[in-house]
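What the coordinates show
Residues per chain, in single letters:
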Amino acid sequence: MEMAPSSSRFKLYDQFELLEFPDKYVVKPVESPEEGFSVDRRDGNIKPLDENASSANPTKVSTIYGVGGTIRLLAGTYLLVVTSREEVGNFLGFPIFRVTAMNFLPCNEAVRFATAQEKKDETYFRTLLQALETTPGLYFSYETDLTLNLQRRCKLAEGWKRKPMWKQADPRYVWNWHLLEELIECKLDGFIIPLLQGNILFFIFFIFCLSYQVAELKLKNSPAVISIISRRCTRRLGTRMWRRGANLEGDAANFVESEQIVEINGFKFSLLQVRGSIPLIWEQIVDLSYKPRLKINKHEETPKVVQRHFHDLCQRYGEIIAVDLTDQHGDEGELSKAYATEMEKLPDVRYVSFDFHQICGTTNFDNLRVLYEQIGDEFEKQGYFLVDADENILEEQKGVIRSNCIDCLDRTNVTQSYMGQKSVNLQLQRIEVFDSTDCISTFEDDYTKFRTIWAEQGDEVSLQYAGTYALKGDLVRYGKQTMTGAIKDGLSAMSRYYLNNFQDGVRQDALDLISGRYTVGTHSPSQLQPIGSQPSFLPVASALLIGGVTVTSFTIHQAGRNTQQYLASALWAGVTAGVVAMIKANGRHLCSRPRLCHLI
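Bear in mind the structure is a predicted one, so any value in this text is a computation, not a measurement.

On the basis of which strands lie adjacent, the open sheet formed by five strands has the order S6-S5-S4-S3-S7 and antiparallel pairing. The open sheet has two edge strands with one neighbour each: strand S6 (46-48) and strand S7 (60-64). For this sheet, the mean inter-axis angle between neighbouring strands, taken without regard to orientation, is 20 degrees. Pairing geometry for strand S4 (residues 24-29) and strand S5 (residues 37-40), over four bridges, is antiparallel. Across the sheet, Lys24 pairs through a bridge with Asp40, a residue of S5.

In this section: the packing of helix H1 (residues 116-132) against helix H13 (residues 504-514). Contact pair H1 / H13: the axes reach a minimum separation of 9 Å and the direction vectors enclose 90 degrees. In terms of axis orientation, H1 runs roughly perpendicular to H13. In contact with Tyr124, Leu128, Leu129, Ala131 and Leu132 of H1, H13 contributes Val506, Asp509, Ala510, Leu511, Leu513 and Ile514. When the residues that make up the contact of H1 with H13 are grouped by side-chain class, the tally is 10 nonpolar, no polar and one charged.

With that out of the way, let us pick up helix H8 (residues 368-382). Along H8, the sharpest change in direction is near 65 degrees and occurs at Ile375. Along H8, the positions that sit buried rather than exposed are Leu368, Leu371, Tyr372, Ile375, Gly376, Phe379 and Gln382. Check the buried side of H8 and you find it contacts strand S15 (267-275), strand S18 (319-324), strand S19 (350-353), helix H7 (356-360), strand S22 (399-404) and helix H9 (410-430). Immediately beyond the C-terminal end of H8, within one or two residues, lies Gly383, with a positive phi of roughly 75 degrees.

Unusually for a residue other than glycine, Asn265 sits at a positive phi of about 50 degrees. Assignment of secondary structure puts Asn265 in the loop between strand S14 (256-264) and S15. On the basis of relative accessibility, which here comes to 47%, the residue Asn265 falls in the partly exposed class. At Cys408, a position not held by glycine, the phi torsion is positive, near 60 degrees.

We now examine the pairing of S22. Within S22, six of the six residues are buried, which leaves it mostly tucked inside the rest of the structure. Of the two faces of S22, the one carrying Gly399, Ile401 and Ser403 and the one carrying Val400, Arg402 and Asn404 are both buried. Two elements, S15 and S22, share two bridges in a ladder whose sense is parallel. Paired with Val274 across the two strands is Arg402, which belongs to S22. Pairing analysis gives six bridges linking S18 to S22, with the strands arranged parallel. Looking at S22, one finds that Glu319 is bridged to Gly399.

Our next topic: the pairing of S18. Most of S18 sits inside the fold, with five of its six residues counted as buried. Pairing between S18 and S19: four bridges, direction parallel. The residue of S19 that forms the bridge with Asp324 is Ser353.

Turning next to the environment of Thr482. In this fold, Thr482 is placed in the loop between helix H11 (473-477) and helix H12 (483-502). Taking the C-alpha atoms as reference points, Thr482 and Thr362, separated by 120 residues in sequence, lie 9.8 Å from one another.

Looking now at the environment of Glu301. With respect to the helices and strands, the residue Glu301 is situated in the loop between strand S17 (295-296) and helix H5 (302-317). Distance in space between the C-alpha atoms of Glu301 and Asn247 is 9.9 Å, their sequence separation being 54 residues. A polar contact of 3.4 Å, which involves the side chain of Glu301, links it to the side chain of Arg308.

Under the counting rule described, the total for this entry stands at 16 aromatic pairs. Seen in terms of ring centroids, Phe97 and Phe140 are 5.7 Å apart; in terms of plane orientation they differ by 20 degrees. Their pairing is stacked. Here the residue Phe97 occupies a position in strand S10 (residues 94-107), and Phe140 occupies one in strand S11 (residues 138-140), the gap between them amounting to 43 residues. Comparing Phe97 with Phe140, the two get one shared label, buried. With a centroid separation of 5.2 Å and 80 degrees between ring planes, the pair formed by Phe140 and Tyr142 is classed as edge-to-face. In terms of burial, Phe140 and Tyr142 fall into one category: buried. Ring pairs connect the aromatic residues Tyr13, Phe16, Phe37 and Phe191, which therefore count as one cluster. The ring of Phe21 carries the charged tip of Lys24 above its face, separated from the ring centre by 5.6 Å.

If you walk through the whole model with that rule in mind, you get 28 salt bridges. Arg72 is the partner of Glu182 in a salt bridge, and the nearest nitrogen-oxygen pair spans 3.2 Å. Of this pair, Glu182 sits in helix H4 (residues 181-185) while Arg72 sits in strand S8 (residues 66-73), placing them 110 residues apart in sequence. Its relative accessible area of 39% is what places Arg72 among the partly exposed residues. Between Arg152 and Asp170 there is a salt bridge, and its shortest N-O distance comes to 2.9 Å. Here Arg152, found in helix H2 (residues 150-154), pairs with Asp170, found in the loop between helix H3 (165-168) and H4; they are 18 residues apart in sequence, far enough to count as distant. One network of salt bridges, in which partners are shared, links Arg152, Asp170, Arg172, Asp312 and Arg316.

Conventions and cut-offs
Residues numbered from 1 in each chain as written. Predicted model: local features only at pLDDT ≥ 70, side-chain atom pairs only at ≥ 80, totals over all residues. Heavy atoms only, no water. Pairing = 2+ DSSP bridges. Helix = DSSP H or I, 4+ residues; strand = E, 2+ residues; numbered from the N terminus. Axes fitted to C-alpha atoms, helices over the stretch in contact; angles between N-to-C directions. Parallel < 35°, antiparallel > 145°, perpendicular 65-115°, else oblique. Contact = heavy atoms within 4.5 Å. Nonpolar A, V, L, I, M, F, W, Y, C, P; charged D, E, K, R; others polar. Bend = angle between axes of the 7 residues up to and from the residue. Buried < 20%, exposed > 50% of the residue type's maximum accessible area, 1.4 Å probe, protein only. Polar contact = N/O pair within 3.5 Å; in protein donor to acceptor, adjacent residues only side chain to side chain. Phe/Tyr/Trp six-rings, centres within 6.5 Å; stacked < 30°, edge-to-face > 60°. Lys NZ or Arg CZ within 6 Å of the ring centre and 35° of its normal. Salt bridge = Lys/Arg side-chain N within 4 Å of Asp/Glu carboxyl O.

Below is the structure:
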């Protein structure tokens, strides 16, 4: 364990040597090599280094930048290490890094004694670990905790900063929380890096000159820094189609806390907003259709699920305004009505339905003023958090807006960016940088840059949940749809379709494994078989479909020549229609499905 020399703040080791021996891995901090530990490559047992440590030459030496924890599978343990990082900026004076590469090191020599089925299952689990190695949007700091928002940080006791980093962190936002157990048991506090999944964007302004590189725009000579930090909750971690709604504990899918921080003239402002899936028990199972049907599960626990969800939010944030951006017709309309019915039972939470597509369409971003007219007074009463240069608390945020659409991505991000803009105006008027008639939108170039940061935030959140960039990004960037943006949205929509139908089953299994929702058992039959391991007939069906269409087209072209060609055309048309019907009827079985956990 290491403490920062200039203060009583806890500090992690920030660079390590990884020494690989035939029988073990050894991890040593570069600045304190005597404080390292070893991991047995046979069984994954962790031991602190002692004076009798092996003096043999390692087979390989490399540099790593953090230890993310361990996970036990059927044949042994895997050690997660950060092999590459990128510094992305400073948060409250402390360097922040993004993980650019990480690796699970195998400690599983016992695999040679495993049964054939165990080896098969271990191979699948290894596939899941490989998928996790490319997880986007993981951030960390060696000197400060990233999981707590500014208001919570400033209200904690002074001794909090001296605690190990993993004790400071909020477990719900630590991506690798379930990998830390063994490191904690071995008291390796100086090595344990809590990883935050979300995004952290830093921009330096000269009110408001927005760029990671300082742009020399002199507006009222008030230099400022704006940061947007998004924290993804791990309690219902998952992919777009395989994690919808809430679980029985009230944890919502795609729940993200977003914090907009403005630092100017010694003041620090913080605005919190949250997003999350509609907290009912519902699903939207992929079936090869472009937009699968929504299904609301009639569960007796539904009222309690909604109550638990909002009770937790009220405990953490205060007053809640629930803004529902879904359509008021079709499947979305039915889901919205069910949500509204449950919200009537919660008199302490204000529910507002706003049909984004009907009112804003694809071009009228400014029509969000209709929503602001409904909730603006309460939003301004909720306020924001404000501290001065001496860390005296001048204002506290008394509640948050909880926004949702169906995915809580595209419409939600447009709305949150609008509310962020409104709050910035109020904040700068509060300290008289703006007068009562000023607003950020009057500075055209700077307003565009401000919206860009929110568009990038939307892209990052979308990549983590849906696997693609956000749609409607142009509404955030420019306030209207552009032709380039429309083409980009079309490509992203096609990518979402492919990923959701043919890849996300495996990705969901990987997330269930890392979040601790699924635990590998070593003394039980294969656990992969019961939950949908059906063989996929999609390649055969696709080949028949393409072949049928091709032959049908050719024979129809030739059909005028004789009756035999006409009959062949009819035959192949029938085969093609049959294949289409077969694919449609069995769409769910042809898609990639999770094999480890059920939906709820």
